[in-house]
Protein chains: 2
Amino acid sequence: MDFATIRLEKAARQPLYRQLAEQLKTAIRRGELRQGEKLPPIRAWKDALGVSPVTATQAYEVLGAEGFATGQVGRGTYVQLPTVPPEIAPTEMLRDQAAAYATAPRSSGPLSDLTTYLKAPRSNQMQRFLQIALARYQSAPAAPADLIVMSSGSPAPELFALKRWRAAMLKAGESIEWDSSEDGGLNRQLQYGPALGDSATREWLADYLTRFGIRCDRDDVLLTSGSQQGLDLVARVFCGPGDAVLVESPSYVSALEIFEQRGVNWLPVALDAGGLSIEAIERLAERYHPRLLYLVPTAQSPTGLTMAAERRPRLVELARRYNFVIVEDDTCNEFYYGGPSTPATLKSYDTDGRVIYLKSFSKLIFPMLRFGAIVAQGLLFERLVEAKATFDRSISLPLARAVLKFAGQPAFEREVQQAGLIYRQRRDVFSESLERELGGTGCTWSRAEGGFSLLLSLPRGLRAEELHVEAAERGLAVLPGPVFYPSLPDAPENTVRLSFGDNSPERLTEAARRLGLAVRALQSRRLPTSPGFLAAV
Amino acid sequence: MDFATIRLEKAARQPLYRQLAEQLKTAIRRGELRQGEKLPPIRAWKDALGVSPVTATQAYEVLGAEGFATGQVGRGTYVQLPTVPPEIAPTEMLRDQAAAYATAPRSSGPLSDLTTYLKAPRSNQMQRFLQIALARYQSAPAAPADLIVMSSGSPAPELFALKRWRAAMLKAGESIEWDSSEDGGLNRQLQYGPALGDSATREWLADYLTRFGIRCDRDDVLLTSGSQQGLDLVARVFCGPGDAVLVESPSYVSALEIFEQRGVNWLPVALDAGGLSIEAIERLAERYHPRLLYLVPTAQSPTGLTMAAERRPRLVELARRYNFVIVEDDTCNEFYYGGPSTPATLKSYDTDGRVIYLKSFSKLIFPMLRFGAIVAQGLLFERLVEAKATFDRSISLPLARAVLKFAGQPAFEREVQQAGLIYRQRRDVFSESLERELGGTGCTWSRAEGGFSLLLSLPRGLRAEELHVEAAERGLAVLPGPVFYPSLPDAPENTVRLSFGDNSPERLTEAARRLGLAVRALQSRRLPTSPGFLAAV
């Protein structure tokens, strides 16, 4: 502990003990104070900084109360990383990386002192990996002529129906010009309007969602600029510093980022082939009284797993019993490959308005569309609508109307169905190629039942970051998995996300071949020190 | 103080003294504990709730440190409303109203316990006034056949160029379909892209803004879904609980709402005919070290006042000296009536990247467009871009492109100029009508040099809420002014906002007539107890 980094101001509004506690918390988050490290004894503060024993004791009490330290009188106080519930033992592996996520280096100076409220986003980390891959690829002497990018998570751009989109924009413009409907006639509807957004578009969307077992009407639908904004509204209404939030581990990186900006404490829950374990959730709910569970029950991100149908009503029942909110992120329901029909949504089992359903159209139309929706009822919905009105007023009317004119057509349903078949074929081709190329390496991977990605696990002893470099030099960009884990100290260092959605079958076959070469190269280099590999041979 | 409302939980993460302090702060915000009220003595907590003297003392210390209470040992602790800087004496008048804004009544129950992070927005108050006006109008026996609404602050819908908007949407659709430019070719630009938004639109906007003295290029421009989102990003990056923020008093209601959601402490600065007083800002800056100043220097909301040209460079210099950020909200620059040309923007005097410029197109195109921009540089800009990426990714590409195709045409400039002349005429007609109808009543009003509204001050003794009812019964909806004041206990109770932008000259003449009737009716009823009125006669 370097006392010189602590700055206490007597004249500040915040009491000294609170200032001290906050700065220690920051040091813990940054990894300057590590898990298990002993904090300086109370008297040391007096000697080093003139801080009174009472103040130092109060500061340590705050750390204890907020889950940043543990201790017993006479035995000292020890750092405890805050996002890991005590019953899940933290590992040592990714401590440095956790610290890197928590606060990236920031420049200092008078202006930078004014920008302290935004934490370094996880997505910076994703960009960094792509940059490293590109640099490695470009400097590799034997790299192939093309780089295959499997790190995007994006839909296939060749499937965007742009001719129809153009027609939809034209029709939307016309509808605005001539419409003199309920909203008060020509032009009136272009004034500051209701936060829910265009009612004709909500009407269509309420009907569209019935296919997922959702019974709602247009006044239960809040249009948002994508499900990312939906997540942000949810996080701002329901979550604040220190609140316990249940989440799949691994999970959707943007959701992790948004909730972390609110200062939540994660309660990570591991996934099995049937999704979240109801028993694990119950144990955590009983102990930590979470406010919310965020999950992607269908075509989970990043694994592609889908929660078993029989677990779904049990989960909703559990939320009712332990009084938490379920946030169901249902981005890829239309792209499900696990059977003839997708299991019914959690929202379809909701009886008391505690399931908040988020829909995105980024994968169905195109990502830069920025259009999504929240479906909810009652009190929780009212608060979300208020938040939208306060922070962003409402969705753009021309945009909402263009979505209606595009997606409210029979052609849209055909296009989505067709796209689903294409993505499924890509998943099949890639899975088969992986079987062929990675057989005998000890690698395993999630069986993606939907969406665009799967999660690969390397055999013990191989690290994702090494494979990332090895693959880049062979012309393949992949994304190391740790960024998807809510509790970074627990993130296995051997997972890699592979996105197949925006690559052709030919490229996927080649990608698997390059991946196999990279894994085997890594293993051969590790041979002398890798008992895991020897055992597998 | 009713002890029964306090609930402390020994098992909670939060220490008891913090729980107690937070609940007392809530009671103060709600007005259950009033300015100057004495808090219970320390020992009373022991008797009533079993709270130890140490815990109660610590709780009071927190209140003191966070500006919610004052006290001296042995003399007791007294409630102090937190948003009022000590040198601005709070008035007693609007205390109840302040409490009403702070936390509107909310239903209780298990689900409502989960929705505690959103404060009741000020805009609820605005809606409430419109509802009251409608109800009063409908139930008034002698009300005229039509209600004239002067409470909207909206642009004139008959000026929206919808035929051109339709053509712009068509062209935008075409441009997306055929464009294979720098962004990586057809369809690639529809994938998750840079947070800044469509580069062609930014290119145009950077050029458009040169007319306001702003030198920037497209990479200094961040497209947002309206300047409301711009404000939200600014508030989230730069402001947190307890931070001091300078603001015009009165100010733009949505800005007040957004910053208040971040828990800032307002430093309100009064306006004179030349806008903010530089000396007043300097006094506050010296004493309170604000992080930020939010203002609308041109066509201020709600007064229509414009900051004198000679004050502008001095203000930017002051921000540099005291290291605060200036947020310049420039919504109505195009609708300026104070002279042949608008004074140069504050941004045009910025040399070290501390002026953040917000532009809106809600008044220039139409409000439900939801399109705006932030212009900034360097470190502050980087953080804002990160925040946009984290919370909302980026602006919709089709929407941004439609704005480009609409506003990047010579016709747009002509339309805006034409609209400016029409609004100016409305301002003139309304001002003249006010002179005629309110002469001799003692009313005064701001000379709107831009925008759509002015602020009327009633003679002493008349209250805005009474006029609001009186006017509604005569077929005129107005908006009481207190909602526009950052420090509600200081809000004068005699101001009313009148929006002339979306009413024809004929209706404005009639509106002034009805207003005159309402004011005189109020005065005649007040006659026996109103020395102010007698003195004026």
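Residues numbered from 1 in each chain as written. Chains lettered and ligands numbered in written order. Predicted model: local features only at pLDDT ≥ 70, side-chain atom pairs only at ≥ 80, totals over all residues. Heavy atoms only, no water.

Caption draft 1: Geometry of the packing of helix 8 (residues 227-238) of chain A against helix 12 (residues 378-392) of chain B. Axis separation between helix 8 of chain A and helix 12 of chain B bottoms out at 7 Å; the angle between their running directions is 95°. Here helix 8 of chain A is positioned roughly perpendicular relative to helix 12 of chain B, judged by the angle of their axes. Mapping the contact onto sequence places Gln228(A), Gln229(A) and Asp232(A) in helix 8 of chain A and Ala389(B), Thr390(B), Phe391(B) and Asp392(B) in helix 12 of chain B. For the contact of helix 8 of chain A with helix 12 of chain B, a count of residues per class yields 2 nonpolar, 3 polar and 2 charged. (Axes fitted to C-alpha atoms, helices over the stretch in contact; angles between N-to-C directions. Helix = DSSP H or I, 4+ residues; strand = E, 2+ residues; numbered from the N terminus. Parallel < 35°, antiparallel > 145°, perpendicular 65-115°, else oblique. Contact = heavy atoms within 4.5 Å. Nonpolar A, V, L, I, M, F, W, Y, C, P; charged D, E, K, R; others polar.)

Caption draft 2: Helix 15 (residues 464-473) of chain B, seen in detail. Listed as buried for helix 15 of chain B are Ala464(B), Leu467(B), His468(B), Glu470(B), Ala471(B) and Ala472(B). Those residues of helix 15 of chain B that are buried are in contact with helix 5 (122-139), strand 13 (453-457), strand 14 (476-477), strand 15 (479-480), strand 16 (495-499) and helix 16 (505-526) of chain B. (Buried < 20%, exposed > 50% of the residue type's maximum accessible area, 1.4 Å probe, protein only.)

Caption draft 3: Layout of the packing of aromatic side chains. Residues and elements named next belong to chain A. Summed over the entire model, instances satisfying the criterion amount to 31 aromatic pairs over all chains. With a centroid separation of 5.5 Å and an interplanar angle of 65°, the aromatic rings of Trp 165 and Phe 406 are classed as edge-to-face. Within this pair, whereas Trp 165 is found in helix 6 (residues 162-178), its partner Phe 406 is found in helix 13 (residues 397-407), the two being separated by 241 residues in sequence. A residue is classified by how much of its surface remains accessible, and Phe 406, at 2% relative accessible area, is buried. The interplanar angle of 40° and the centroid separation of 5.5 Å between the aromatic rings of Trp 204 and Tyr 208 together place this pair among those described as tilted. (Phe/Tyr/Trp six-rings, centres within 6.5 Å; stacked < 30°, edge-to-face > 60°.)

Caption draft 4: Local environment of the sheet that holds strand 11 (residues 372-375) of chain A. All names here are of chain A. Strand order in the open sheet formed by 8 strands is 4-11-10-9-8-5-6-7, and the pairing between neighbours is mixed. Whereas interior strands pair on both sides, the edge strands pair on one side only; in this sheet they are strand 4 (221-224) and strand 7 (275-276). In terms of strand pairing, strand 5 (residues 244-249) meets strand 8 (residues 292-295) through 3 bridges, oriented parallel. What sits directly across from Val 245, in strand 8, is Leu 292. Against the sheet, helix 8 touches strand 4, strand 8, strand 9 (325-329), strand 10 (355-360) and strand 11, its axis set at about 155° to strand 10. (Pairing = 2+ DSSP bridges.)

Caption draft 5: View of the pattern of salt bridges. Within the structure shown, the criterion is met by 65 salt bridges over all chains. One salt bridge connects Glu22(A) with Arg18(A), and the closest N-O pair in it is separated by 2.8 Å. On the criterion of helical spacing, the pair formed by Glu22(A) and Arg18(A) is a turn pair, its members being 4 residues apart in helix 1 (residues 16-30). By relative accessible area, which is 7% here, Arg18(A) ends up buried. The closest approach of N and O atoms between Asp232(B) and Arg236(A), which form a salt bridge, is 2.7 Å. Residue Asp232(B) is found in helix 8 (residues 227-238), and its partner Arg236(A) is found in helix 8; the two belong to separate chains. Of the two residues, Asp232(B) and Arg236(A), both sit in the buried class. Salt bridges sharing partners connect three or more residues here, namely Glu282(A), Glu317(A), Arg320(A), Arg321(A), Asp352(A) and Arg354(A). (Salt bridge = Lys/Arg side-chain N within 4 Å of Asp/Glu carboxyl O.)

Caption draft 6: Inspection of the interface of chain A and chain B at higher detail. In this assembly, 98 residues from chain A lie in contact with 98 residues from chain B. Carbon and sulfur atoms supply 55% of the area that chain A and chain B bury against each other, a total of about 8,600 Å² over both sides. When the buried surface of chain A facing chain B is broken down by residue, Arg13(A), Tyr117(A) and Met368(A) rank first, second and third, together holding 10% of it. At the junction of chain A and chain B, the tally comes to 33 residue pairs in polar contact (both at pLDDT 80 or more). For the side of chain A that touches chain B, the elements supplying multiple residues, two or more each, are helix 1, helix 3 (53-65), helix 6, helix 8, helix 9 (253-261), helix 12 (378-392) and helix 13 of chain A. Looking at the side of chain A that touches chain B, the element that brings in the most residues is helix 6 of chain A, giving 12 residues. (Buried area = accessible area lost by both parts, 1.4 Å probe. Polar contact = N/O pair within 3.5 Å; in protein donor to acceptor, adjacent residues only side chain to side chain.)

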